Amino acid sequence: MDKNQVYNLLSKIIDEKSIYIDEPMNKHISFKVGGPADILVRPRTEEEISNVFKLVTDLKIPFFVKGNGSNILIKDGGFRGLVIEMSDNFSDFEIRGDEVEIQSGALLSVIGRAVMEESLTGFEFASGIPGTLGGALAMNAGAYGGEMKNIVKTVRLMNEQGQVVEFSNEEMHFGYRHSRLSDESWIAISAVISLEKGDYNEIKETMEDLATQRRTKQPLEYPSAGSTFKRPTGYFAGKLIQDSNLKGVSVGGAQVSSKHSGFVINYNKASAKDIVDLIEHVKATVYECQGVHLEEEVKILGEEKK
């Protein structure tokens, strides 16, 4: 991929100020690691997103879409291709009664505070998840007994031709940490969620209680991607890891959190390789000790540093 040539093509369909060449990805993901992406773009309208999507499809440029970067890991060699970032550049939402229409770059925490102010309940579980709506839709994010599939009414997705199609909840094929976005080349554009009128004080108290639980039980003081591993059927990943005597184990600057074994953290200026090597060590050790295969929840992209 000739970066300059692609840049010139992009500059015709998107504001040049929204195009970044050789952009360090450690500035864009919660692990705070990762080499540069060839190009990163931050489109601000559906038209710009559509034009960028059609361009990468036509030119067969490798790409991926990211929101807040709270569930991905970019390797130290960076990403050869185009990163489409949809965060605060595409984050409008509108509350209409007990329904909320939200662009995919909106932070769940921002939505959570806004619906609380309107005394709407049903979103409390998601209000502390450090990601965007798009990421939450892609993986059917969940916490504390709630999942996105419980509140999503419709989702608007964009296909490779830049056309937008609306899907119902059922058509999104939501499953555990899974949706049709997991398997198909779509971009989440927006969604309508359906909530219920509730008591403001009760909603606020629930959100504060969940925030306290997160602070006391999770290593929020260190860069991470949240829960590193999916929950195996019939088990809890954190307990399997702890029972395998891996709590506090480190590789380079990466560590299995001593506060919560389900979190791999950037403890001390880790490289992406440190984190990947520790994830693989945890998976191998848990299988050896417990006979259970762990699958990472975090998406690992890019290439090794040469």
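This one's a predicted model, so the numbers in the text were calculated from it and none came from an experiment.

Next up on the list: unusual backbone geometry. Phi is positive for K32, which is not a glycine, with a value near 60°. Tracing the sequence through the fold places K32 in the loop between β1 (19–24) and β2 (36–41). Although it is not a glycine, H173 sits at a positive phi angle of roughly 55°. By relative accessible area, H173 is classed as partly exposed at 43%.

What follows is about the packing of aromatic side chains. The geometry of an aromatic ring pair comes down to the distance between the two centres and the angle between the two planes. Tallying each qualifying case throughout the model produces 5 aromatic pairs. Aromatic pair F64 and F79: ring centres 4.9 Å apart, planes at 90°, arrangement edge-to-face. Residue F64 is located in strand β3 (residues 63–66), and its partner F79 is located in strand β5 (residues 79–85); the two are separated by 15 residues in the primary sequence. A residue is classified by how much of its surface remains accessible, and F64, at 10% relative accessible area, is buried. The buried category is assigned to F79, whose relative accessible area is 10%. An angle of 85° between the planes, with centres 5.1 Å apart, marks the rings of F167 and W186 as edge-to-face. One end of the pair, F167, is in strand β12 (residues 164–168); the other, W186, is in the loop between β12 and β13 (187–194), and 19 residues separate them in sequence. The pair formed by F167 and W186 is uniform in burial state, with each residue classed as buried.

A rise of 1.5 Å per residue sets the reference length of helix α5 (residues 200–217), with its 18 residues, at 26 Å; its end C-alpha atoms lie 26 Å apart and thus fit the reference within 8%. Those residues of α5 that sit buried are I203, M207, L210 and R214. The arc that holds every buried residue of α5, seen down its axis, measures 65°, which confines them to one face. Opposite the buried face of α5, by more than 90 degrees, sit the exposed residues N201, E202, E205 and R215. Along its buried surface, α5 packs onto α3 (108–117), β8 (120–121) and β9 (142–143). Of the residues flanking the start of α5, the one acting as N-cap is D199, its side-chain oxygen 3.1 Å from the backbone nitrogen of N201.

We now examine a negative patch on the surface. Taken together, D199, E202, E205, E208 and D209 make up a surface patch of like negative charges. Residue placement: E205 occurs in helix α5. Look at E205 and you get exposed, because its relative accessible area is 56%.

Here we take up the pairing of strand β6 (residues 93–96). With 4 bridges connecting them, β6 and strand β7 (residues 99–103) associate as antiparallel partners. Of the residues in β7, the one forming a bridge with F93 is I102. In this structure, the hairpin formed by β6 and β7 is closed by a connection of 2 residues, where G97 is found at a positive phi of approximately 65°.

Strand order in the open sheet made by the 4 strands is β1-β2-β5-β3, with mixed pairing throughout. The outermost strands of the open sheet, each flanked by one partner alone, are β1 and β3. Along the sheet, successive strands turn relative to each other by an average axial angle of 30°, direction set aside. As defined by bridge partners, β1 adjoins β2 across 5 bridges and the pair is classed as antiparallel. Counterpart to Y20 in the pairing with β2 is L40. The strands that helix α1 (residues 3–10) touches are β1, β2 and β5; relative to β2, the one it contacts most, it runs at about 10°. Contacts from helix α2 (residues 46–58) reach β2, β3 and β5 within the one sheet, and its direction differs from that of β5 by about 160°.

About the criteria used
- Residues numbered from 1 in each chain as written.
- Predicted model: local features only at pLDDT ≥ 70, side-chain atom pairs only at ≥ 80, totals over all residues.
- Heavy atoms only, no water.
- Helix = DSSP H or I, 4+ residues; strand = E, 2+ residues; numbered from the N terminus.
- Buried < 20%, exposed > 50% of the residue type's maximum accessible area, 1.4 Å probe, protein only.
- Phe/Tyr/Trp six-rings, centres within 6.5 Å; stacked < 30°, edge-to-face > 60°.
- Expected span 1.5 Å × (residues − 1).
- Arc of directions from axis to C-beta.
- Contact = heavy atoms within 4.5 Å.
- Polar contact = N/O pair within 3.5 Å; in protein donor to acceptor, adjacent residues only side chain to side chain.
- Patch = residues over 30% accessible without salt bridge, like charges linked within 9 Å, V, L, I, M, F, W, Y side chains within 5 Å.
- Areas by Shrake-Rupley, 256 points an atom, 1.4 Å probe, with all protein chains shown as cover.
- Salt bridge = Lys/Arg side-chain N within 4 Å of Asp/Glu carboxyl O.
- Lys, Arg positive; Asp, Glu negative; His and termini not counted.
- Charge placed at Lys NZ, Arg CZ, Asp CG, Glu CD.
- Pairing = 2+ DSSP bridges.
- Axes fitted to C-alpha atoms, helices over the stretch in contact; angles between N-to-C directions.

What is shown is where atoms sit, not what they do.
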